[in-house]
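Overview (structure and organization)
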Amino acid sequence: MHKLIQLHALDNVKIVVDEIKSGAYLILDGFTFHFAQPIGIGHKIASYPIAKGEKIIKYGVSIGSATENIEMGQHIHLHNMKSDYIPTYTLDKEFTGSKDVK
Amino acid sequence: MQWQGYLRKDGRKGIRNYIAVVYLVECAHHVSREITSQFKDNPVQLIGFAGCYPNAYADRVMNALCTHPNMGGVLLVSLGCESFNRKRLEENIRESGRPVHTLVIQQAGGTKKAISEGVAWVQSALTDLLTVPLTLMTVADLLVGTVCGGSDATSGMTANPAVGRAFDQLVARDGIAIFEETGEMIGLEDMMSKRAINPQLAVELKKSVEKAARYYTLMGHGSFAPGNADGGLTTIEEKSMGAYCKSGDSIISGLIKPGDRPTQSGLYLMDVVPDGDPQFGFPNINDTVEIVEMIASGCHMILFTTGRGSVVGSAISPVIKICANPQTYRRMEEDMDINAGDILYGTNTIDEVGEDIFNRILSVAAGTATCSEALGHQEFMLTYKTFTPLGPGCLPG
């Protein structure tokens, strides 16, 4: 089963469609990536390196900006990107998306 | 496709036939709840407005709900001293041809006597329900609204685009489709305004999104919940892109506010963000508030997409729950009418699920209970808001 999909040709992120377990390996464009943390369905990983300040593109449009330099294959979420409109507030800092009800 | 519906005096057709017990202030809530609880297996539902202060929006919405095509009769329950205009509400309901009674707790003589009077009236009103004339209905008679709640990143990939397809079908068959939540169209105002039926409406659509962006910025908190982030959504723009595809591809025929009733077939955007400076806090404090607003604008039913797993239904109009996330569906199958999650695996296409949703609209209209209906969900909430009337460019029809 595919682990990742890309929604639009212009996107610089791929979306996890099958949960990535802790310790998993994925091959992205010929490069092997090791995931120390689990990443849940729907989360984004970088298709290629993204510089701090660069736009994150999903659905072919900008969904915000990188707040630090992001490596290829890295999980993208609140820890390294932000809204260009209204800040997102949440309860805690861990967002791997895999703390669903057991 | 045709089915039997309920014909109301104003010519509108309903797909359900309910008695509502309506408390007009929180002080009348207990009595109303006690009355309603005597009718567990009957089409009797509890709704109400908690506030003692007057509010034009709450008044307008409540009048619209009490004369909704799915409404068969109304028991108004007043404490006696609250500011809700119960006389005008009763007159409007009576004029609409529905059985109505106002129970005033202070006049009835307190809790026990009021409950007793209320139960007796509801009993008689239930027999009146049986005399409502039936009529043939088609898709062209339907108004369907859509909301999303408990969204995650799968929502925008599966359930929401599938709803968009179903909406396209509804509009193509002369039904009315309503979508909302301008607070989740942040960043999309240009894209959306290109779909407007004329340039004046395009301007109004843009203004409504700008209003939402300003309002939420003032609130200091966008329309974003912790569960959205757990589920992979990072920013309001990202959430907005995902939410927006519920609207499908039809031309947008108009912009309405809660309680405005479109009469011409087409797709409409509902602006739920209050006008003017924030007076009462967040625009919609939960998903139920916007469901109620959709119903006030005439929606027979609501398509509700969810990723994290919302369980809510609604009083008055049934909720079809469409689950976007395959893991959530496995865990909460009993609460979900449609599984859109398999789109992620490629075992279902967006078009196929869209077709399923459209067919479910028809069967629910014909009387099939949704999961939330069967589970007894009858959520309702009416809060304080303030709106100015629609501008001239909003409803070109």
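Definitions and limits used
- Residues numbered from 1 in each chain as written.
- Chains lettered and ligands numbered in written order.
- Predicted model: local features only at pLDDT ≥ 70, side-chain atom pairs only at ≥ 80, totals over all residues.
- Helix = DSSP H or I, 4+ residues; strand = E, 2+ residues; numbered from the N terminus.
- Rg over C-alpha atoms; globule rule 2.2 N^0.38 Å.
- Buried ≥ 20, exposed ≤ 12 C-beta atoms within 10 Å, placed from the backbone.
- Contact = placed C-beta atoms within 7 Å.
- Pairing = 2+ DSSP bridges.
- Axes fitted to C-alpha atoms, helices over the stretch in contact; angles between N-to-C directions.
- Parallel < 35°, antiparallel > 145°, perpendicular 65-115°, else oblique.
- Left-handed = near helix turned anticlockwise from the far one by under 90°.
- Nonpolar A, V, L, I, M, F, W, Y, C, P; charged D, E, K, R; others polar.
- Domains from an automatic or database assignment.
- Core = buried A, V, L, I, M, F, W, Y, C linked by C-beta atoms within 7 Å.

Once that is clear, we can look at the overall build of chain B. A count of helices and strands for chain B gives 14 helices and 14 strands. Compactness check: chain B gives a C-alpha radius of gyration of 20 Å against a globular reference of 21 Å for 397 residues, within 12% of the reference. Dimensions of chain B, computed from C-alpha atoms along their principal axes, come out at roughly 60 × 45 × 40 Å. Within the span of chain B, comprising 397 residues, buried residues form 58% of the whole. At a minimum sequence separation of 6, the contacts of chain B that also span at least 24 residues come to 75%.

Across its full length, chain A holds zero helices and nine strands. Going from N to C terminus, chain A has its helices and strands arranged as β-β-β-β-β-β-β-β-β. The buried share of chain A, taken over its 102 residues, is 33%.

Turning next to the interface of chain A and chain B. Counting residues at the interface gives 31 residues for chain A, matched by 28 residues for chain B. Taken together, the elements giving at least two residues each to the side of chain A that touches chain B come down to strand S7 (61-66) and strand S9 (81-82) of chain A. With four residues, the single largest contributor to the side of chain A that touches chain B is S7 of chain A.

Once that is clear, we can look at the sheet that holds strand S7 (residues 134-137) of chain B. Adjacent strands of a sheet pair through backbone hydrogen bonds, lying either parallel or antiparallel. Pairing is antiparallel in the open sheet, where three strands are placed in the order S2-S1-S7 (chain B). Strands at the two margins of the open sheet, each flanked by one partner only, are strand S2 (13-14) and S7 of chain B.

This part covers the packing of helix H2 (residues 56-66) of chain B against helix H3 (residues 86-95) of chain B. Residue and element names in this part refer to chain B. Contact geometry of H2 with H3 gives a least axis separation of 9 Å together with a crossing angle of 30°. Looking at the two axes, H2 sits roughly parallel to H3. Regarding H2 and H3, the two cross each other, and that crossing is right-handed. Touching Met62, Asn63 and Cys66 of H2 are Leu89, Asn92 and Ile93, all from H3.

Let us look at the packing of helix H1 (residues 29-37) of chain B against helix H5 (residues 111-129) of chain B. All names here are of chain B. Where H1 meets H5, the axes come as close as 9 Å, and the angle between the chain directions of the two elements is 40°. Classed by the angle they form, the pair H1 and H5 counts as oblique. The chirality of how H1 crosses H5 is right-handed. Residues Val31, Glu34 and Ile35 of H1 form the contact with H5, whose own contacting residues are Thr111, Ala114, Ile115, Gly118, Val119 and Val122. The residue inventory of the contact of H1 with H5, partitioned by class, reads six nonpolar, two polar and one charged.

Next up on the list: the domain arrangement of chain B. Residues and elements named next belong to chain B. Here chain B is partitioned into domain 1 (3-135) and domain 2 (138-374). Just the C-alpha atoms count here: the centres of domain 1 and domain 2 sit 28 Å apart. Secondary-structure elements contributing two or more residues to the side of domain 1 that touches domain 2 are strand S4 (44-48) and H2. The class makeup of the residues in the side of domain 1 that touches domain 2 is 10 nonpolar, three polar and three charged.

All names here are of chain B. Ordered in space as S4-S3-S5-S6, the four strands form an open sheet in which the pairing is parallel. If you trace the sheet from one side to the other, it starts and ends with S4 and strand S6 (100-104), each paired once. Each neighbouring strand pair of the sheet contributes to a mean axis angle of 20°, computed without reference to strand direction. The pairing of strand S3 (residues 18-23) with strand S5 (residues 71-78) spans six bridges and is classified as parallel. What sits directly across from Ala20, in S5, is Val74. Relative to the sheet, H1 contacts S3, S4 and S5, its axis offset from that of S4 by approximately 170°.

All names here are of chain B. Counting 140 residues, the largest nonpolar core has Val22, Leu75, Val77, Ile322 and Ile357 as its most contacted members. If one sorts the elements of this core by residue count, helix H6 (residues 159-172) sits on top with seven residues. With near-sequence residues (within four places) excluded, Val77 lies in contact with Val21, Val22, Tyr23, Leu24, Ala28, Val31, Ser32, Leu103, Ile105 and Gly118.

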